[in-house]
Amino acid sequence: MAQHGFQYDEDFLLEADSDMSGDNTDVDSALGDGMSIFSSTASLRSSLINHRDENGRKYHAFKDGKYLLPTDDEELERQEYQYALCLYTFGALSFAPLTKANRVLDVGCGPGHWVIDFADCHPESHVIGVDLSPVQRYAPSNVAFEIDDMEEQWTFSFKFDYIHAMMMTGAFRDWGNFYKQAYEFLNTDGWVEIQDIDFPLRCADGSLPADSALQKWTDIMMEASEKAGFLLNTCGRAAEFMKEAGFVDIVRVPYKWPIGRWPKNEKMKELGGLVRENFIGGVETMSLALFTRFLGWSLDEVKTFTEQVRYDMCHSSYHTYFDMYVTYGRKP
């Protein structure tokens, strides 16, 4: 069994799912300023560089409403922290067994941290990062950033060897279409890989009270995302979507993100503390658009409620966690 990053505590041990379409290698779960470059597919129109103010936060103006998180400095700082947390968890930039990576696509690249790191590690690769917002700060010579809506028809004039997406839960309404387009725009023997979180929040031992703010939050997040059409529980179905699109050699590597330092295993305890900081800084940000746009909450209601949720996240007797998955598959 291949190992990456941290080992799970006994209570967290999970086995990787087997290939859904043929022979496959099982994988153990483990924890472990300049100018942006834009292609002809996305010119610097005002709709790209402007923003919209809502609830005291800044949101993208291009394809307004297609992304539920702000794009202001506060959120970009949290995304930087979250990216470092993903690397800390996974212990690797990628898992797919790449034999070549001449052309690489990162879908929903955000500030572009993964794009830049992958390009630095693979100087032979040309890496394209695509996002709705022009928040990328610089680009190495083998990187290009583009602004586009990846739920629309892809218009690349070439195919890729590797398509990657990280922490994109809640970003697409139609994940089946994403995998179909990824399949179409991959070369033969190319790989697609998703690294993401899966809602709802889970409890290891029934210690989270049903009437707690934290339990209510995860329930309301699921309700609001369903009304919005941006489901939060699609990451766990990535292998299913890949199989339906035609991918083979599908591997799913499960992880867990504990909320807080409650695990007995020291490495998991350390990870849990870092995860808690991420969500304490992000719970209001993640809730704002969903709760106000689709459930009719006021800003004050969101702020008051999420303060209660943050308090619960610091409750050491609540043994909660999120499932995380790395899933990849090959185009035959």
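Note that this is a predicted model, so its numbers are computed, not measured. (Residues numbered from 1 in each chain as written. Predicted model: local features only at pLDDT ≥ 70, side-chain atom pairs only at ≥ 80, totals over all residues. Heavy atoms only, no water.)

(A) Just the overall build of the protein, in detail. In terms of helices and strands, the protein carries eight helices and nine strands. A burial count over the protein gives 55% of its 332 residues as buried. Element-wise, carbon and sulfur atoms account for 48% of the exposed surface of the protein, whose accessible area totals about 14,100 Å². (Helix = DSSP H or I, 4+ residues; strand = E, 2+ residues; numbered from the N terminus. Buried < 20%, exposed > 50% of the residue type's maximum accessible area, 1.4 Å probe, protein only. Areas by Shrake-Rupley, 256 points an atom, 1.4 Å probe, with all protein chains shown as cover.)

(B) View of the pattern of salt bridges. Tallied over the entire structure, the rule returns 10 salt bridges. One salt bridge in this structure joins lysine 256 and aspartate 323, with 2.9 Å as the shortest N-O distance. A residue pair is termed long-range when its members are at least 10 positions apart, and lysine 256 in strand E8 (residues 248-258) and aspartate 323 in strand E9 (residues 320-330) qualify at 67 residues. (Salt bridge = Lys/Arg side-chain N within 4 Å of Asp/Glu carboxyl O.)

(C) How the structure looks around helix H7 (residues 266-294). Counted at 1.5 Å a residue, the expected span for H7 with its 29 residues is 42 Å, and the 40 Å between its end C-alpha atoms agrees. Remark: the principal bend of H7, roughly 50°, maps to glycine 282. With a side-chain oxygen lying 3.0 Å from the backbone nitrogen of lysine 267, the N-terminal cap of H7 falls on asparagine 265. In the stretch just after H7, glycine 296 is the one whose phi turns positive, near 80°. (Expected span 1.5 Å × (residues − 1). Bend = angle between axes of the 7 residues up to and from the residue. Polar contact = N/O pair within 3.5 Å; in protein donor to acceptor, adjacent residues only side chain to side chain.)

(D) Representation of empty space enclosed by the protein within the structure. Taken as a whole, the second largest cavity spans an internal volume of roughly 40 Å³. Together, Trp175, Tyr179, Ile194, Asp196, Thr234, Cys235, Ala238 and Phe241 line the second largest cavity. Put simply, the parts of the chain that give the lining of the second largest cavity at least two residues each are helix H4 (175-184), strand E7 (186-203) and helix H6 (238-245). Here the lining of the second largest cavity is composed, by residue class, of six nonpolar, one polar and one charged. (1 Å grid on protein atoms, 1.4 Å probe; cavity = no way out; pocket = protein on both sides within 12 Å on 5 of 7 lines; lining within 4 Å. Points joined across faces, edges and corners; volume = space filled by probe spheres on them. Nonpolar A, V, L, I, M, F, W, Y, C, P; charged D, E, K, R; others polar.)

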